[in-house]
Amino acid sequence: MSSTSIRLSGRRRGSGLGSRRILWLTAPSLVWFAVFSVGPLAAMFVIATMRWKGLLYEPTYIGTDNIWRVLADPTFHAAVRNSAIQVAVAIPLMIPLAFMLGYHLNTKPRGYRVLSVLYFSPGLISISMTGMVFYGVLSPNGGVNGLMRTLGLDSLTTSWLADPNTALASLIAIDLWRGVGWTAVLFAARLASLPAEVIEAAQIDGAGRRRIMWRVAFPMIKDYVRTLTMLQFLWTLFTSAALILLLTKGGPGTSSTTLSYLVYAKAFSQRDLGYSQVVGVVLLLLGIAGMLLIRALLRGPEERSR
């Protein structure tokens, strides 16, 4: 056997041993993923086929009955509609506003460090504190109605959280208040990594600030825009339950009930775990479909050419 073949066979044995070592090193993380990620997902699909009132009760297998109950429930249809409205309004407003604020921060205006802190602060306030603040601001005798009375707009005052026409809109406005500034700081951090020569070249060519922002900077960070849009979409879709629980409890009626709140209400308030997990499966599928749609809409030119 030649020395070359001996070296090659030695490399193969070495690479085989190396791959086995890597597999053993990754085993703990794979077990963790299986137990805490795959396991709960599988359990969700199993529980969706049961009539189960909680851990102290015996579950009963009922097949697809929960699916038909959910599909026939007007509350579920209202939750789907409200979740769609929430996402369709919040995300298209939040991402462009956050990008513009982030671009402004990246230009380092006077006091930009203070602005960064102010923008980021709403995302650091606990959800319970946020709920308490806005419960006062949006109450019948709160800050919003007080301002309108001062401006002589008494006809526009209302119980913002208790009016079915404004309850969902109020929750969306709070989501925007919490999310826009935080996302703007993330955009500013990404924009700071762009090559200064590109921006300077655009300025020399006579491009204005708005043109540089949307025609130069935005395409260069489009992959980051897509990532933040996906994260904000998932955040809005999956985490609205806490704020709704604190402020409206899904009401008045079902005017502010979203899918994530319906999962909570059915599981913990009404003790209907089977129904809750069917809604959870719907929420999961909508989350996946939404991310695929965002990915398709925000593909870069190089991805379209593939």
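Residues numbered from 1 in each chain as written. Predicted model: local features only at pLDDT ≥ 70, side-chain atom pairs only at ≥ 80, totals over all residues. Heavy atoms only, no water.

Labelled according to an unreviewed UniProt entry, the protein chain appears under the name Carbohydrate ABC transporter permease, originating from Sphaerisporangium corydalis. Regarding the protein chain, the UniProt comment filed under Sequence similarities (unreviewed entry) reads as follows: "Belongs to the binding-protein-dependent transport system permease family." In its Subcellular location (unreviewed entry) section, the UniProt entry covering the protein chain states "Cell membrane". (UniProt positions renumbered as here; feature names shortened; annotations may be inferred.)

Chemist: Give me the lowdown on the nonpolar core, citing residues and values where you can.
Modeler: Formed by 42 residues in total, the largest nonpolar core has its most connected members in Phe 76, Phe 99, Phe 187, Leu 191, Ile 221, Val 225 and Val 279. Counting only elements with at least two residues in this core, the list comes to α3 (74–106), α7 (167–191), α8 (196–204), α9 (209–220), α10 (222–238), α12 (259–269) and α13 (273–297). By size, the runner-up hydrophobic cluster in this structure holds 13 residues, among which are Leu 171, Ala 241, Leu 243 and Ile 244. (Core = buried A, V, L, I, M, F, W, Y, C linked by side-chain atoms within 4.5 Å. Buried < 20%, exposed > 50% of the residue type's maximum accessible area, 1.4 Å probe, protein only. Helix = DSSP H or I, 4+ residues; strand = E, 2+ residues; numbered from the N terminus.)

Chemist: Kindly report on the packing of helix α4 (residues 112–124) against α7, identifying the contributing residues and their values.
Modeler: Between α4 and α7, whose axes approach to 7 Å, the crossing angle comes to 135°. It follows from the interaxial angle that α4 and α7 lie oblique. The chirality of how α4 crosses α7 is left-handed. The residues of α7 that touch α4, namely those facing Ser 116, Tyr 119, Phe 120, Pro 122 and Gly 123, are Trp 177, Arg 178, Gly 181, Trp 182 and Val 185. Of the residues assigned to the contact of α4 with α7, the class counts are 6 nonpolar, 3 polar and 1 charged. (Axes fitted to C-alpha atoms, helices over the stretch in contact; angles between N-to-C directions. Parallel < 35°, antiparallel > 145°, perpendicular 65-115°, else oblique. Left-handed = near helix turned anticlockwise from the far one by under 90°. Contact = heavy atoms within 4.5 Å. Nonpolar A, V, L, I, M, F, W, Y, C, P; charged D, E, K, R; others polar.)

Chemist: Got a sec to walk through the UniProt feature "domain: ABC transmembrane type-1" (unreviewed entry) in the protein chain? Specific residues and values, please.
Modeler: Per the UniProt record, "domain: ABC transmembrane type-1" (unreviewed entry) is found at residues 80–294. The span residues 80–294 shows a helical share of 75% and a strand share of 0%, and its end C-alpha atoms are spaced 19 Å apart.

Chemist: Give a detailed account of a nonpolar patch on the surface, specifying residues and quantitative values.
Modeler: Together, Ile 85, Val 89, Leu 93, Leu 97, Met 100 and Trp 214 make up a nonpolar patch on the protein surface, roughly 450 Å² of accessible area in all. Counting residues per element, the nonpolar patch draws most heavily on α3, which supplies 5 residues. Mapped onto the elements of the fold, Leu 93 is located in helix α3. (Patch = residues over 30% accessible without salt bridge, like charges linked within 9 Å, V, L, I, M, F, W, Y side chains within 5 Å. Areas by Shrake-Rupley, 256 points an atom, 1.4 Å probe, with all protein chains shown as cover. Salt bridge = Lys/Arg side-chain N within 4 Å of Asp/Glu carboxyl O.)

Chemist: I'd like a rundown of the packing of α3 against α9, residues and numbers included.
Modeler: One way to put it is that α3 packs onto α9 with a least axis distance of 11 Å and a crossing angle of 110°. The orientation of α3 relative to α9 falls into the category roughly perpendicular. Residue-level contacts link Pro 96, Phe 99, Met 100, Tyr 103 and His 104 of α3 to Arg 209, Ile 212, Met 213, Trp 214, Ala 217 and Phe 218 of α9.

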